[in-house]
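Okay, here's what each chain looks like letter by letter:
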Amino acid sequence: MLIIFGIVFSVALEAEIQNRGAPHITLEGGKKGNVNFPHYMHQDNIKDCKVCHDLFPQQAGGIQDLKNHEKLKKKQVMNKKCLKCHRAKKKAGEEAGPTKCSECHIK
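Values in this document were obtained by computation on a predicted structure and should not be read as measured data.

## Things to note about the confidence of the model for the protein
Looking at the protein as a whole, the pLDDT averages 85, with 83% of positions reaching at least 70. The spread of mean pLDDT over the elements of the protein runs between helix α1 (residues 2-18), the lowest at 46, and strand β2 (residues 34-37), the highest at 95. Contacts from residues 5-15, a stretch scored under 50 in pLDDT, to residues over four places away or in other chains number zero contacts.

## Thoughts on the environment of Thr-99
Note on placement: Thr-99 falls in the loop between α5 (76-91) and β3 (105-106). Considered as a pair, Thr-99 and His-86 are 13 residues apart in the sequence and their alpha carbons are 6.4 Å apart. When neighbours within four sequence positions are excluded, Thr-99 is seen to be in contact with Leu-83, His-86, Arg-87 and Lys-90.

## Examining α5
Helix length check: α5 (16 residues) gives 21 Å between terminal C-alpha atoms against 22 Å at 1.5 Å per residue, within 8%. For α5, the full list of buried residues reads Gln-76, Val-77, Lys-81, Leu-83 and His-86. Gly-93, located one to two residues past α5, shows a positive phi value of around 80°.

## Looking at the state of the cysteines
Enumeration over the complete set of coordinates arrives at zero disulfides. Here Cys-101 stays unpaired: no disulfide links it, and the sulfur of Cys-104, its closest cysteine neighbor, is 8.4 Å away. According to the relative accessible area criterion, Cys-101 is partly exposed, its value standing at 38%. The closest cysteine sulfur to the non-disulfide-bonded Cys-104 is located on Cys-82, 7.2 Å from its own sulfur.

## Structural notes on the environment of Leu-72
Mapped onto the elements of the fold, Leu-72 is located in the loop between α4 (62-68) and α5. Sequence spacing of Leu-72 and Phe-56 is 16 residues, and the spatial spacing of their C-alpha atoms is 8.5 Å. When neighbours within four sequence positions are excluded, Leu-72 is seen to be in contact with Leu-55, Phe-56, Ile-63, Leu-66, Lys-67 and Val-77.

What counts and how
- Residues numbered from 1 in each chain as written.
- Predicted model: local features only at pLDDT ≥ 70, side-chain atom pairs only at ≥ 80, totals over all residues.
- Heavy atoms only, no water.
- pLDDT = per-residue confidence, 0-100.
- Helix = DSSP H or I, 4+ residues; strand = E, 2+ residues; numbered from the N terminus.
- Contact = heavy atoms within 4.5 Å.
- Expected span 1.5 Å × (residues − 1).
- Buried < 20%, exposed > 50% of the residue type's maximum accessible area, 1.4 Å probe, protein only.
- Disulfide = S-S within 2.5 Å.

So, in structure tokens, the structure goes:
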């Protein structure tokens, strides 16, 4: 019985790890330079994938694909998700991510 539990637990753990996506993602950042996005850190802090992924799909290149098909506006994710969350955390006195363009975009 213990062996069966161990197998089921390891399969479930592997499935959860696989669903996390990449640990770091490089996002197309336009003229200001790309953005190195610490994906796992955001998952660990936010806990709910839908906080971000209600706006774009959980797939590699999803944001850029939506922009290319004019379903997302330029800077929409950054303004509606990233900066909004970082500024709210900063205002609340919590540890927050960058709030200036140059702190994320790397030329």
